[in-house]
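Residues per chain are reported as follows:
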Amino acid sequence: MSVYLDNAATSWPKPPAVYTAMDHYQRNVGAAAGRATYRQATQAQQTVAAARAGCARLLGIEHPAQLVWTHNGTDALNLAIHGLLRPGDHVVTTVCEHNSVLRPLHFHTQRGVQCTYVDCDQDGYIQPAAVAQALRPHTRLAIVNHASNVTGAL
């Protein structure tokens with residue numbers, strides 16, 4: 001089972017280090033990582049490898065190659081939803097999800113995927129117990145995209 005928690009859409013403004021790194025890349029590197037062996041491309045690849053290794057350590061992932069980089073949250077969600085789900089699978093999500101979750105799930109429910117939509121309370125909060133209760137032995141994916149509105153721990 002995979003659990004997706006997203007805050008990228010609400011993380012603005014970025015920390016100053018992000019702007020500094022992007023400015024450095026645009027002015028001094030400008031090459032695509034993994035596309036060539038000249039100095040700038042190698043530097044870009046080393047930066048990506050270091051970021052991947054750092055994220056793996058942070059998340060407790062043994063093999064950094066298991067991390068998948070995507071263009072944005074919608075791309076990541078579509079990759080997970082379309083890549084993982086098969087007829088007979090079960091998904092847990094919330095009624096207040098973004099269309100980048102609800103539309104692909106609707107597509108898959110028409111093809112034999114079962115989906116449980118967890119309600120939020122009158123203040124818009126998702127209760128962890130409700131998510132846990134919705135899980136089944138054949139749950140393949142749980143998407144609770146509004147992590148800031150989850151009260152307590154899952």
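Residues numbered from 1 in each chain as written. Predicted model: local features only at pLDDT ≥ 70, side-chain atom pairs only at ≥ 80, totals over all residues. Heavy atoms only, no water.

Caption draft 1: Main features of the overall build of the protein. Counting its regular elements, the protein contains five helices and four strands. Counting helices and strands in the order they occur from the N terminus, the protein gives β-α-α-α-β-α-β-α-β. Residues classed as buried in the protein amount to 25% of the 154 residues present. A fraction of 54% describes how many contacts in the protein between residues 6 or more apart in sequence connect residues 24 or more apart. Here the protein has roughly 10200 Å² of accessible surface; of this, 56% comes from carbon and sulfur atoms. (Helix = DSSP H or I, 4+ residues; strand = E, 2+ residues; numbered from the N terminus. Buried < 20%, exposed > 50% of the residue type's maximum accessible area, 1.4 Å probe, protein only. Contact = heavy atoms within 4.5 Å. Areas by Shrake-Rupley, 256 points an atom, 1.4 Å probe, with all protein chains shown as cover.)

Caption draft 2: Local environment of the nonpolar core. Of all hydrophobic cores here, the largest spans 10 residues; its members are Leu 77, Ile 81, Leu 85, Val 91, Val 101, Leu 105, Val 113, Cys 115, Leu 141 and Ile 143. In terms of nonpolar packing, the next biggest core, distinct from the first, is built from seven residues, Val 92, Val 118, Ala 142 and Val 144 among them. (Core = buried A, V, L, I, M, F, W, Y, C linked by side-chain atoms within 4.5 Å.)

Caption draft 3: Quick peek at the packing of helix 3 (residues 73-84) against helix 4 (residues 99-109). Packing of helix 3 against helix 4 brings their axes to within 9 Å, and their N-to-C directions diverge by 20°. Compared by their axis directions, helix 3 and helix 4 come out roughly parallel. Considering the relative orientation of helix 3 and helix 4, their crossing is right-handed. Taken together, the residues of helix 4 that come into contact with helix 3 (itself represented by Thr 74, Leu 77, Asn 78, Ile 81 and His 82) are Ser 100, Val 101, Pro 104, Leu 105, Phe 107 and His 108. For the contact of helix 3 with helix 4, a count of residues per class yields six nonpolar, five polar and no charged. (Axes fitted to C-alpha atoms, helices over the stretch in contact; angles between N-to-C directions. Parallel < 35°, antiparallel > 145°, perpendicular 65-115°, else oblique. Left-handed = near helix turned anticlockwise from the far one by under 90°. Nonpolar A, V, L, I, M, F, W, Y, C, P; charged D, E, K, R; others polar.)

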